[in-house]
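Chain by chain, the residues:
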Amino acid sequence: MLIRTIEDMEKLYYSDAGARYIQKADAPLLSTTTGTYNANYGAQAWSQLNLEANAFGLMPKTVWNQSGWRAITARASATTLAGVDTAGTLPETIKPTIAEVSTKPKEVPMTFEISTKQEFLSTVKGDDNWGTMDDMRSYMAIEFAEHLNKQLLTDVDTLAAYKLESIDRVASSYQEVTDCGITAGDSDIYSLDRDAAASWADAYVSEANNVDRSLTDAIIRDTMSTIGENGGNTNLLLTGFDTYSKIQSLYGDQARYMNPMSQMKVKQTMNGVQTADGTEVGMNVATIYGVPLFKSKNVAKDTISRIYLLDTTPAGTLGPRMHIKVAKPTLYYEAKDKFLELNELMQKAMYYFSGELICNHFAAQGKIRDLQT
């Protein structure tokens, strides 16, 4: 193209025809170019784990003021019903059977540590880092509560040893050993031998000889009824998320004038779960026949999770019928700048709890096991 005027030049260079004059080999700076981009995640770490501790929160807490108690295990009038004729001879005297129960507090520590270098680098404002002792303290507090929750929901076939006793072990019986393949002696608790000689220490277990079955309304009602005949007053139910869903489907598709599954407003305190009265506070939970139903991921399973029917109502000076007796509340200890004592450049910390799960009325507790979807 012959260029004679500025207009001719514009037509040439500002058109497709002139593009060949400005073509070049590109070398752009991109976010993927080495050394140019580093993501800054910030001093946060978002947990992707379910760290709930519902079972620990549901149990009432009392102060450890004694390490044992006496239990009346048989009525004084178990075999004799007294009655005399006019001027008749008085019957022989009788007495109840008494047993002693003794237990000591368990000690549960959880330790963690970070290096002095990590602590320093986590505080440098220009660096992107997570993991100061403050970060770890906040996170480990939540995990420690979950740690206690897991101990409370350990399967009956796992001995407590130095851990807290579990609800599954409290709500067990010698029948569960004989029918469900549990190792002999594993259901014994507080040094009580749950054989025929100590049947008074049995809770009620609804089972199917270790063969899983479908959950029905009749199983739930019969278990509640039997526990009631044993003197229990079931005031809370606890199960896993899978069985909770099964219970919803059990009642959800049934049209009834009074649906057994409804909702109740409750509150959780240091005294465990309570109904919310007065000011409208608390949270809505499902109920079955008026008893609040809770769920936890740590409940022991067969095919699906078991259901615990628990009585945590007051029992005089012994405290609730089932509760956590606290020797020392959760405490936090930290060894900071004690390198000579530790003999390493580390900062260490520990959460600590001392207590035990106590049940002073076994027959008032129960569970439903051997369940399938």
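See the structure shown above.
Predicted model, so just to flag it, every value in this text is computed and none were measured.

As a further point, take the pairing of strand β12 (residues 307-310). Burial along β12 is two-sided: the residues I307 and L309 and Y308 and L310 are all buried. Summarising the sheet, strand β7 (residues 236-239) and β12 pair through three bridges and their orientation is antiparallel. Looking at the pairing, L238 lines up with Y308 of β12. As paired elements, β12 and strand β15 (residues 366-368) share three bridges and run antiparallel to each other. Counterpart to L309 in the pairing with β15 is G366.

We now examine unusual backbone geometry. Phi is positive for A161, which is not a glycine, with a value near 55 degrees. By relative accessible area, A161 is classed as exposed at 54%.

Time to look at a nonpolar patch on the surface. On the surface, I3, I6, M9, Y13 and Y14 cluster together into a nonpolar patch covering about 540 Å² of accessible area. In this structure, I6 sits in helix α1 (residues 6-13). Owing to a relative accessible area of 54%, I6 belongs among the exposed residues under this scheme.

So, on to the packing of aromatic side chains. In the structure shown here, the tally under the stated rule is nine aromatic pairs. Where F144 meets Y351, the ring centres are 5.9 Å apart and the plane angle is 25 degrees; that geometry is what we call stacked. Here F144 is found in helix α4 (residues 133-152), whereas its partner Y351 is found in strand β14 (residues 346-359), with 207 residues between them in sequence. The exposure class assigned to Y351 is buried, which follows from its relative accessible area of 9%. These aromatic residues form a ring-pair network of at least three members: W69, Y190, W200 and F362. Of note, K61 hangs over the ring of F56, and the distance from its end group to the ring centre comes to 4.8 Å.

Further remarks concern the sheet that holds strand β13 (residues 322-335). With respect to topology, four strands assemble into an open sheet ordered β1-β13-β14-β4, the strand pairing being mixed. With one partner strand each, in any of the chains shown, β1 (61-63) and β4 (106-115) form the two edges of the open sheet. Adjacent strand axes in the sheet meet at a mean angle of 35 degrees, parallel and antiparallel pairs treated alike. Where β1 meets β13, three bridges bridge the pair, whose relative direction is parallel. Note that in β13 the partner of V63 across the bridge is V326. Of the strands in this sheet, β4, β13 and β14 touch α4, which is tilted by about 150 degrees from β4.

Next up on the list: helix α8 (residues 241-252). The terminal C-alpha atoms of α8 lie 16 Å apart, and with twelve residues this matches the ideal 16 Å at 1.5 Å per residue to within 8%. Of the positions making up α8, those classed as buried are T243, Y244, I247, L250 and Y251. When α8 is viewed along its axis, its buried side chains cluster within an angular range of 115 degrees and face the same direction.

Take the nonpolar core next. Counting 43 residues, the largest nonpolar core has I167, Y190 and L238 as the members making the most contacts within it. Excluding residues that lie within four positions of it along the chain, L238 makes contacts with A55, L58, L153, I167, L293, F294, K295, S296, V299, R306, I307 and Y308. Among the nonpolar cores identified, the runner-up in size contains 19 residues, and L215, I219, L237 and Y251 belong to it.

Pairing is possible between side chains of opposite charge, provided their charged atoms come close. This model, assessed by the stated rule, comprises 18 salt bridges. The partner of K301 in a salt bridge is D242, and the shortest N-O contact between them spans 2.7 Å. With a gap of 59 residues between them, K301 in the loop between β11 (291-295) and β12 and D242 in helix α8 connect regions that are remote in the sequence. Here R369 and D370 are joined by a salt bridge, their closest N and O atoms 2.9 Å apart.

Turning our eyes to something else, we now look at the environment of E176. With respect to the secondary-structure elements, E176 resides in helix α6 (residues 174-179). For E176, a relative accessible area of 0% gives the class buried. Between the C-alpha atom of E176 and that of D202, which follows or precedes it by 26 residues, the distance is 9.5 Å. Other than its neighbours up to four places away in sequence, E176 contacts V156, A171, G181, I182, V205, K367 and R369. A polar atom in the side chain of E176 sits 2.9 Å from the side chain of K367.

About the thresholds
- Throughout this document, residue positions are counted from 1 along each chain, in the order its sequence is written.
- pLDDT decides what is reported in this predicted model: residues at 70 or higher carry local features, side-chain atom pairs at 80 or more are listed and counted, and totals for whole chains, interfaces and linings draw on all residues regardless.
- With hydrogens and water excluded, all non-hydrogen atoms of the structure serve as input to the side-chain values.
- Partly exposed describes any residue whose relative accessible area lies between the buried limit of under 20% and the exposed limit of over 50%, with all areas from a 1.4 Å probe on protein chains only and scaled to the type maximum.
- Only runs of H or I of at least four residues qualify as helices and only runs of E of at least two qualify as strands under DSSP, and these elements are numbered from the N terminus.
- By the convention used here, strands pair only if DSSP detects at least 2 bridges between them.
- Patches here: salt-bridge-free residues with over 30% relative accessible area, like charges joined within 9 Å, nonpolar side chains (Val, Leu, Ile, Met, Phe, Trp, Tyr) joined within 5 Å.
- Surface accessibility in these figures is a Shrake-Rupley result with a 1.4 Å probe; residues are shielded only by whichever protein chains are displayed.
- We count a salt bridge whenever a side-chain nitrogen from Lys or Arg sits within 4 Å of a carboxyl oxygen from Asp or Glu.
- Stacked, tilted and edge-to-face are the three classes applied to pairs of Phe, Tyr and Trp rings, where Trp contributes its six-membered ring and a pair requires centres within 6.5 Å; stacked means planes under 30 degrees apart, edge-to-face means over 60, and tilted covers the rest.
- Any Lys NZ or Arg CZ that is within 6 Å of a ring centre and within 35 degrees of that ring's normal is treated as a charge sitting over the ring.
- Whenever a helix is involved, its axis is fitted only over the stretch in contact; in every case the axis is a line through C-alpha atoms, and angles between N-to-C directions fall within 0 to 180 degrees.
- The criterion used for residue contact is that any of the two residues' heavy atoms lie within 4.5 Å.
- By this rule the span expected of a helix is its residue count minus one, scaled by 1.5 Å.
- The reported arc concerns the directions from the helix axis to the C-beta atoms and nothing else.
- Among buried residues, those of type Ala, Val, Leu, Ile, Met, Phe, Trp, Tyr and Cys that are joined through side-chain atoms within 4.5 Å constitute a nonpolar core.
- For the purposes of these results, a polar contact is taken to be a pair of N or O atoms within 3.5 Å, where, inside protein, one atom must be able to donate a hydrogen and its partner to accept one; residues adjacent in sequence count only when each atom of the pair is a side-chain atom.

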